[in-house]
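The lines below spell out each chain.
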Amino acid sequence: MDQKIYLYNTATRNKEEFKSINDGKVGIYACGPTVYWDQHLGNMYAYLFVDILVRTFKYFGYEVKLVMNITDVGHLTSDADSGEDKMEKGAKREVLSVWDLAKKYEKQFFESEQLLNINRPDIVCPATKNIEVQIELLKLIEKKGFTYKLSDGIYFDTGKFPDYAKFANLKLDEIIDTDRDEVSKEKKNRSDFALWKFSRKDEKRQMEWDSPWGKGFPGWHLECTAMSVKNLGETFDIHTGGIDHIPVHHTNEIAQSYGAFGHQTANFWIHNAWVLGKGGVKMSKSLGNIFTAQELAEMGIEPLAYRYLFLTTHYRKGMEFSLEGLKTAQVAFDKLKNIAQELPEGGKIDEDYQNNFRKLIANDLAMPEVVALIWKLTKDESVKPEDKKATLLDFDKVLGLDLDKKITKEEIPEEIKDLVQKRLEARGNKEWAVADRLREEIEKKGYMVEDRGNDCKIKRIMLS
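Residues numbered from 1 in each chain as written. Predicted model: local features only at pLDDT ≥ 70, side-chain atom pairs only at ≥ 80, totals over all residues. Heavy atoms only, no water.

Before going further, it helps to examine the overall build of the chain. Along the chain, the regular secondary structure elements total 15 helices and 15 strands. Per-residue burial over the chain gives 54% buried out of 464 residues. Accessible area of the chain: about 22,000 Å², with a carbon and sulfur share of 48%. Here the chain contributes 70 positively and 77 negatively charged side chains, and the mean placements of these two sets differ by 1 Å. (Helix = DSSP H or I, 4+ residues; strand = E, 2+ residues; numbered from the N terminus. Buried < 20%, exposed > 50% of the residue type's maximum accessible area, 1.4 Å probe, protein only. Areas by Shrake-Rupley, 256 points an atom, 1.4 Å probe, with all protein chains shown as cover. Lys, Arg positive; Asp, Glu negative; His and termini not counted. Charge placed at Lys NZ, Arg CZ, Asp CG, Glu CD.)

This brings us to the nonpolar core. Ranked by internal contacts, the top residues of the largest apolar core, which has 127 residues, are L7, F57, I238, Y306 and F321. With 12 residues, the top contributor of residues to this core is helix 1 (residues 41-59). Setting aside residues up to four positions removed in sequence, L7 forms contacts with N14, K15, E16, F18, L53, F57, I238, F268, I270, D364 and L365. If you look at the next biggest cluster of nonpolar residues, it comprises nine residues, including I416, L419, I442 and Y447. (Core = buried A, V, L, I, M, F, W, Y, C linked by side-chain atoms within 4.5 Å. Contact = heavy atoms within 4.5 Å.)

Another aspect to go through is helix 6 (residues 220-232). If you check helix 6, its first and last C-alpha atoms are 19 Å apart, about what 13 residues at 1.5 Å a residue would give, namely 18 Å. Among the residues of helix 6, those classed as buried are W220, H221, L222, E223, C224, T225, A226, M227, S228, V229, N231 and L232. (Expected span 1.5 Å × (residues − 1).)

This next bit is on the packing of helix 9 (residues 303-311) against helix 10 (residues 323-342). The contact between helix 9 and helix 10 brings their axes to 8 Å, and the two run at 95°. Compared by their axis directions, helix 9 and helix 10 come out roughly perpendicular. Residue-level inspection shows L304, A305, Y306, Y308 and L309 of helix 9 in contact with helix 10, the latter providing G325, L326, A329, Q330, A332, F333 and L336. A per-class count over the contact of helix 9 with helix 10 returns 10 nonpolar, two polar and no charged. (Axes fitted to C-alpha atoms, helices over the stretch in contact; angles between N-to-C directions. Parallel < 35°, antiparallel > 145°, perpendicular 65-115°, else oblique. Nonpolar A, V, L, I, M, F, W, Y, C, P; charged D, E, K, R; others polar.)

Note that D152 resides in the loop between strand 6 (147-150) and strand 7 (153-156). Under the relative-accessibility criterion, D152 is labelled buried at 7%. At 3.0 Å, the side chain of D152 forms a polar contact with the side chain of Y155. (Polar contact = N/O pair within 3.5 Å; in protein donor to acceptor, adjacent residues only side chain to side chain.)

Quick look at the environment of P344 now. Position of P344 among the secondary structure elements: in the loop between helix 10 and helix 11 (351-362). Classification of P344 as partly exposed rests on a relative accessible area of 38%. Residues P344 and K384 lie 40 residues apart in sequence; the distance between their C-alpha atoms is 9.5 Å. Those residues in contact with P344 that sit more than four places away from it in its chain are P385, E386 and K389.

Spatial ordering of the open sheet is given by 6-7-8-9, a layout of four strands whose pairing is antiparallel. Where the open sheet ends on each side, the last strands, each with one partner, are strand 6 and strand 9 (216-218). Pairwise comparison of adjacent strand axes, ignoring direction, gives a mean angle of 25° for this sheet. Sheet strands touched by helix 7 (residues 246-261): strand 7 and strand 8 (193-198). Its angle to strand 8, the strand with the most contacts, is close to 85°. (Pairing = 2+ DSSP bridges.)

With that settled, the discussion passes to the packing of aromatic side chains. Both the distance between ring centres and the angle between the ring planes are used here to describe each pair of aromatic rings. Using the criterion set out here, one finds 22 aromatic pairs in the structure. Ring centres 4.9 Å apart and planes at 75° place the aromatic pair Y47 and F109 in the edge-to-face group. With a gap of 62 residues between them, Y47 in helix 1 and F109 in helix 3 (residues 98-115) connect regions that are remote in the sequence. Residue Y47 shares its accessibility class with F109, and that shared class is buried. Among the aromatic residues, those joined into a cluster by ring pairs are F146, F156, F161, F193 and Y258. (Phe/Tyr/Trp six-rings, centres within 6.5 Å; stacked < 30°, edge-to-face > 60°.)

Turning our eyes to something else, we now look at the environment of L326. Relative to the assigned elements, L326 resides in helix 10. Overall, L326 belongs to the buried group, its relative accessible area being 0%. With 32 residues separating them in the primary sequence, L326 and Q294 have C-alpha atoms 15 Å apart.

In total, this model carries 21 salt bridges according to the counting rule given. Salt-bridge contacts for R205 lead to D85; the nearest nitrogen and oxygen are separated by 3.1 Å. Of this pair, R205 sits in the loop between strand 8 and strand 9 while D85 is found in the loop between strand 4 (63-70) and helix 2 (86-94), placing the two residues 120 residues apart along the sequence. Across the pair E88 and R205 runs a salt bridge whose closest N-O atoms are separated by 3.8 Å. (Salt bridge = Lys/Arg side-chain N within 4 Å of Asp/Glu carboxyl O.)

Sheet topology places strand 6 next to strand 7; four bridges connect them, and they run antiparallel. Note that in strand 7 the partner of T147 across the bridge is F156. Remark: two residues form the turn of the hairpin made by strand 6 and strand 7, two consecutive strands paired antiparallel.

Time to look at the packing of helix 1 against helix 13 (residues 385-399). In the contact formed by helix 1 and helix 13, the axes pass within 7 Å of each other and the chain directions differ by 130°. In this view, helix 1 runs oblique relative to helix 13, as classed from their interaxial angle. In this structure, helix 1 contributes I52, R55, T56 and Y59 to the contact, and helix 13 contributes D394, D396, K397, V398 and L399. Residue composition of the contact of helix 1 with helix 13, by class: four nonpolar, one polar and four charged.

This part is about unusual backbone geometry. The phi torsion at N169 lies on the positive side, around 55°, for a residue other than glycine. Among the secondary structure elements, N169 is positioned in the loop between strand 7 and helix 5 (181-186). A residue is classified by how much of its surface remains accessible, and N169, at 56% relative accessible area, is exposed. Its identity as a non-glycine residue notwithstanding, L365 has a phi of 55°, on the positive side.

These figures capture arrangement, not role.
Below, the structure is given as structure tokens:
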């Protein structure tokens, strides 16, 4: 822990030296998924960032406690206080109970983490299993005089928090209120937000609870403050999330914390940027530029190639994603893994490279520079081969690319072998048109033939 770590703090808009509240320990709260749909590669960027952050602290000898929520109630389609509950909407879409929908997509999320070699959080807390904690927090905020009641719920009075606009540099007079007209007219301030929403009398919700204010469900923002404080204390080290959380969700969390405790809960607020589609367009199902980690595996793409691609970007800049870019990353990742596999055992970590590595990861997780350092190491003839391997595997404690795992040879299906054999015979008979047709057929089935004299090599390829 002699290495100073610097991280960009959204709260101050500066890169600051990290100093833990408790020596040698780090408490991190990460905003988790809303489990109403698949978590795609763009969503998973945030959790790759958190995983690298946690691995970095552990590399420097810290004991890390990572807490993550699972939003399975209360997240409305507007991200604020209007629209339908995403969970209830998802349940109708799939003709499932809300509870079964939550189980389905929580499972998909953790399978995605596993495929991307993201370590599971130390504590996972679904909102629905922490309703009482949220009610108790709301009671405290109410006792301090920061709430008022409207026709559809209990609201936080942002007018009583002088610094409400500070965190996100908001212009309060430009806030567009997304509430229904009748609710908007009732609000004291357009920026006020719901802490508890009442169940509507004209519809039956699957998820609702009794409370001192009436039957209903907690607002989306309430859960994160309640569960972070429950598991990490009123003041903890780091809160993470995507940049989309800054103007609404995290701003409201900070307001709640002020209302309940008189101060912010997190010392550092760290946000990752977005993943966009090719050309900077938004990722969406309609554009066909969204993929899950599971879909990558089905296409024959190693999900860890996406992890490698993530490492070539800086978490605060985000990236443009395309299958073409991922294919390039796959080639580089395969090459790196092959190099690591072929290097001999028994070496020691090169101190110069390790010192450079430590400085880079301690400088706000400078992963693109780390990737450049790794390739420099692989080509450095002044470093013994066995020392290269030891150094690469040391770096991999943070990278998480599983460079030490043996590459398993893929079994080629008999159907492909038969087509390849027919093609070899066609080439031998100089039936070039037949050979070309067979090559196309093989490629449509997800394999590539590399001709090598009278023989060939078969490789799995990525189908776009």
